[in-house]
Amino acid sequence: MTTDSSLAPTETPATGEQPLTSVGVLGARGRMGVEVCTAVNAAEDLELVAMVDDGDWLFNVADAGAQVVVDFTRPDVVMDNIRFCIDQNIHCVVGTTGFDDQKLATIAGWLEPKPDVGVLIAPNFGIGAVLLMRFAQEAARFFPSVEIVELHHPGKVDAPSGTAARTARLVASARRAAGLPPGPDATREADSLPGARGADVEGVPVHSIRLTGLVAHEEVLLGAAGETLTLRHDSFDRASFMPGVLLAVRQISGRPGLTVGIESLLGL
Ligand SMILES: NC(=O)C1=CN([C@@H]2O[C@H](COP(=O)(O)OP(=O)(O)OC[C@H]3O[C@@H](n4cnc5c(N)ncnc54)[C@H](OP(=O)(O)O)[C@@H]3O)[C@@H](O)[C@H]2O)C=CC1
Ligand SMILES: O=C(O)C1=N[C@H](C(=O)O)C[C@H](O)C1
């Protein structure tokens, strides 16, 4: 165990005579990759067989016999990595961001001739962040105003964050299902500076902050007459993502096809 989380799904199962699951990590020297390698090394039922940080060495994960690959790389390379793994019959657990419906459909198409291969893509492996998304979805229809603020370390390459984009889509979808307009009740026409009101994700404003000292944080602000509700999640350490990553690594071989998010693995 690499974390002090008490959540049952993160506990290393008793191994007995079970064979170890061979894991390869893509982006192994990155901020997340280092943490994943440490977590896999510490898990009694998993074996770290390949660490890759360069697309040219991708074949290493296949040569090393990886059964599961964990990808924390970059939005511009992750599709090639997933394609390679599917072709090699290797299950994928993907934390890299940047997926839209079109890319997910492409991956689903690649999986069609490979009925035994599983790909799980999660914009956030933090249990608290997953719950925040669920709570925001639940609350969205009760408030005419919803805005999202995501706050991250300055090295983050993408904006808005994958988590904020997914939260906004879930909120918009919950509001549509309730017969409400997806976005807030505020006007945007009079913005005097472009960007002052944030990015527009399916009608929901998303504001991105990059600040030294931060890791990964998100707030969903909901407003109605005379009241507001603020939902906030903070990842102060990348260890917060490891229980979710290990849960996915352990379950992916039993979940063929494409899975988005770890909600179903958590029974949500
Ligand atoms: N789902 C979740 O819970 C989380 C998701 N993330 C996401 O994970 C991704 C990575 O984040 P982070 O670790 O901070 O980023 P880093 O930049 O720290 O790490 C990315 C790593 O990937 C390497 N890399 C680049 N191209 C390839 C390739 N073709 N094959 C293998 N490795 C490659 C990079 O090497 P080099 O530097 O040499 O280019 C680098 O070491 C981002 O999309 C981020 O948003 C982050 C945290 C949690
Ligand atoms: O880059 C990060 O750090 C993170 N990326 C993910 C995202 O874009 O949502 C998850 C988490 O916010 C950390």
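Residues numbered from 1 in each chain as written. Chains lettered and ligands numbered in written order. Predicted model: local features only at pLDDT ≥ 70, side-chain atom pairs only at ≥ 80, totals over all residues. Heavy atoms only, no water.

The name an unreviewed UniProt entry gives the chain is 4-hydroxy-tetrahydrodipicolinate reductase, with Goekera deserti as the organism. Regarding the chain, the relevant UniProt record gives this comment under Function (unreviewed entry): "Catalyzes the conversion of 4-hydroxy-tetrahydrodipicolinate (HTPA) to tetrahydrodipicolinate." A UniProt comment under Pathway (unreviewed entry) is attached to the chain, and it reads "Amino-acid biosynthesis; L-lysine biosynthesis via DAP pathway; (S)-tetrahydrodipicolinate from L-aspartate: step 4/4." (UniProt positions renumbered as here; feature names shortened; annotations may be inferred.)

Novice: Where do I start with the overall build of the chain in this structure?
Specialist: Along the backbone of the chain there are 7 helices and 11 strands. Here the chain has a C-alpha radius of gyration of 19 Å; the compact-globule value for 268 residues is 18 Å, and the two agree. By principal-axis analysis of the C-alpha atoms, the chain measures approximately 60 × 35 × 35 Å. Per-residue burial for the chain yields a buried fraction of 47% across its 268 residues. Sequence-distant contacts in the chain: of pairs separated by 6 or more residues, those separated by 24 or more amount to 71%. Split by element, the accessible area of the chain, about 12,700 Å² in all, is 52% carbon and sulfur. (Helix = DSSP H or I, 4+ residues; strand = E, 2+ residues; numbered from the N terminus. Rg over C-alpha atoms; globule rule 2.2 N^0.38 Å. Buried < 20%, exposed > 50% of the residue type's maximum accessible area, 1.4 Å probe, protein only. Contact = heavy atoms within 4.5 Å. Areas by Shrake-Rupley, 256 points an atom, 1.4 Å probe, with all protein chains shown as cover.)

Novice: What am I meant to see in the packing of helix H5 (residues 127-139) against helix H6 (residues 162-177) here?
Specialist: A pair of packed helices is captured by two measures, namely the crossing angle of their axes and the spacing between those axes. Look at H5 against H6: their axes get within 8 Å of each other, and the N-to-C directions meet at 25 degrees. With respect to H6, the element H5 is oriented roughly parallel. Remark: the crossing between H5 and H6 carries right-handed chirality. Counting all contacts with H5, which are made through Met-133, Ala-136 and Gln-137, the residues of H6 involved are Thr-163, Arg-166, Thr-167, Leu-170, Val-171 and Ala-174. In the contact of H5 with H6, the residues fall into 5 nonpolar, 3 polar and 1 charged. (Axes fitted to C-alpha atoms, helices over the stretch in contact; angles between N-to-C directions. Parallel < 35°, antiparallel > 145°, perpendicular 65-115°, else oblique. Left-handed = near helix turned anticlockwise from the far one by under 90°. Nonpolar A, V, L, I, M, F, W, Y, C, P; charged D, E, K, R; others polar.)

Novice: Can you help me understand the side chain of Asn-81 in this one?
Specialist: With respect to the helices and strands, Asn-81 occurs in helix H3 (residues 78-87). For Asn-81, a relative accessible area of 6% translates into the label buried. Beyond its immediate stretch of four places on either side in the chain, Asn-81 contacts Leu-26, Leu-58, Asp-71 and Thr-73.

Novice: How should the sheet that holds strand S6 (residues 145-152) be read in this particular structure?
Specialist: Each strand in a sheet pairs with its neighbour through backbone hydrogen bonds, running either in the same direction (parallel) or in the opposite one (antiparallel). Read across the open sheet, the 5 strands follow the order S7-S8-S6-S9-S10; overall the sheet is mixed. Strand pairing shows two members of the sheet lacking a second neighbour, strand S7 (199-201) and strand S10 (227-235), which therefore form its edges. The sheet shows a mean angle of 25 degrees between the axes of neighbouring strands, direction not considered. Bridging between S6 and strand S9 (residues 216-224) involves 8 bridges; their strand directions are antiparallel. (Pairing = 2+ DSSP bridges.)

Novice: In this structure, what is going on with the site of ligand 1? I would like to understand it.
Specialist: As a structural note, the neighbourhood of ligand 1 is formed by 24 residues, with Arg-31, Met-32, Asp-53, Thr-97 and Phe-125 the closest of them. Within the contact set of ligand 1, an oxygen atom lies 2.8 Å away from a backbone nitrogen or oxygen of Arg-31. Taken by itself ligand 1 offers 920 Å² of open surface, and the protein chains cover 78% of this. Its residues assigned to classes, the shell around ligand 1 shows 8 nonpolar, 9 polar and 7 charged. (Near = heavy atom within 4 Å. Polar contact = N/O pair within 3.5 Å; in protein donor to acceptor, adjacent residues only side chain to side chain.)

Novice: Explain the sheet that holds strand S1 (residues 21-26) to me, please; I cannot follow it from the model alone.
Specialist: The strand order across the open sheet built from 6 strands is S2-S1-S3-S4-S5-S11, with neighbouring strands paired in parallel fashion. A single partner strand is all that each edge strand has here, and the edge strands are strand S2 (46-52) and strand S11 (257-260). On average, each strand axis in the sheet is tilted by 20 degrees relative to the strand beside it, whichever way the strands run. Looking at chain direction, strand S4 (residues 91-94) and strand S5 (residues 118-121) are connected through 3 bridges and run parallel. Each residue of the ladder has a partner; that of Cys-92, found in S5, is Val-119. Docked against the sheet, helix H1 (residues 31-42) engages S1, S2 and strand S3 (68-71), running at close to 155 degrees with respect to S2.

Novice: Got a minute to help me understand helix H4 (residues 101-111) in this structure?
Specialist: Every α-helix winds through 3.6 residues per turn, so residues three or four apart in the chain are directed the same way. Buried within H4 are the following residues: Leu-104, Ile-107, Trp-110 and Leu-111. On an axial view of H4, the arc spanned by its buried residues comes to 115 degrees, and they lie on one face. Opposite its buried face, H4 presents the exposed residues Asp-101 and Gln-102, each directed more than 90 degrees away. Where the residues of H4 are buried, they touch H3, S5 and S11. (Arc of directions from axis to C-beta.)

Novice: It is not clear to me how the nonpolar core should be interpreted in this structure. Could you clarify?
Specialist: Side chains that are nonpolar tend, in soluble globular proteins, to be buried together. Formed by 32 residues in total, the largest nonpolar core has its most connected members in Val-36, Val-70, Val-93, Leu-120, Phe-125, Val-245 and Val-249. Of all the secondary-structure elements, those providing two or more residues to this core are S1, H1, S2, S3, H5 and helix H7 (242-251). In this structure, this core is formed jointly by two domains, domain 1 (21-121 + 240-265) and domain 2 (127-184 + 197-236), each of which donates at least three residues. Ignoring anything within four residues of it in the chain, the contact list for Val-249 reads Val-23, Leu-46, Val-68, Val-70 and Val-93. One finds Leu-58, Ile-86, Leu-104 and Ile-107 within the second-largest nonpolar core, a separate group that totals 24 residues. (Core = buried A, V, L, I, M, F, W, Y, C linked by side-chain atoms within 4.5 Å. Domains from an automatic or database assignment.)

Novice: Any chance you could explain the site of ligand 2 here in plain terms?
Specialist: Within the structure, ligand 2 sits among Thr-97, Pro-123, Asn-124, His-152, His-153, Lys-156, Asp-158, Ser-161, Gly-162, Thr-163, Ala-216 and Phe-241. At a separation of 2.4 Å, an oxygen atom of ligand 2 approaches a polar side-chain atom of Thr-163. Isolated, ligand 2 exposes 320 Å² of accessible area, and the fraction of that covered by the protein chains is 85%. Partitioned by chemical class, the residues of the shell around ligand 2 number 3 nonpolar, 7 polar and 2 charged.

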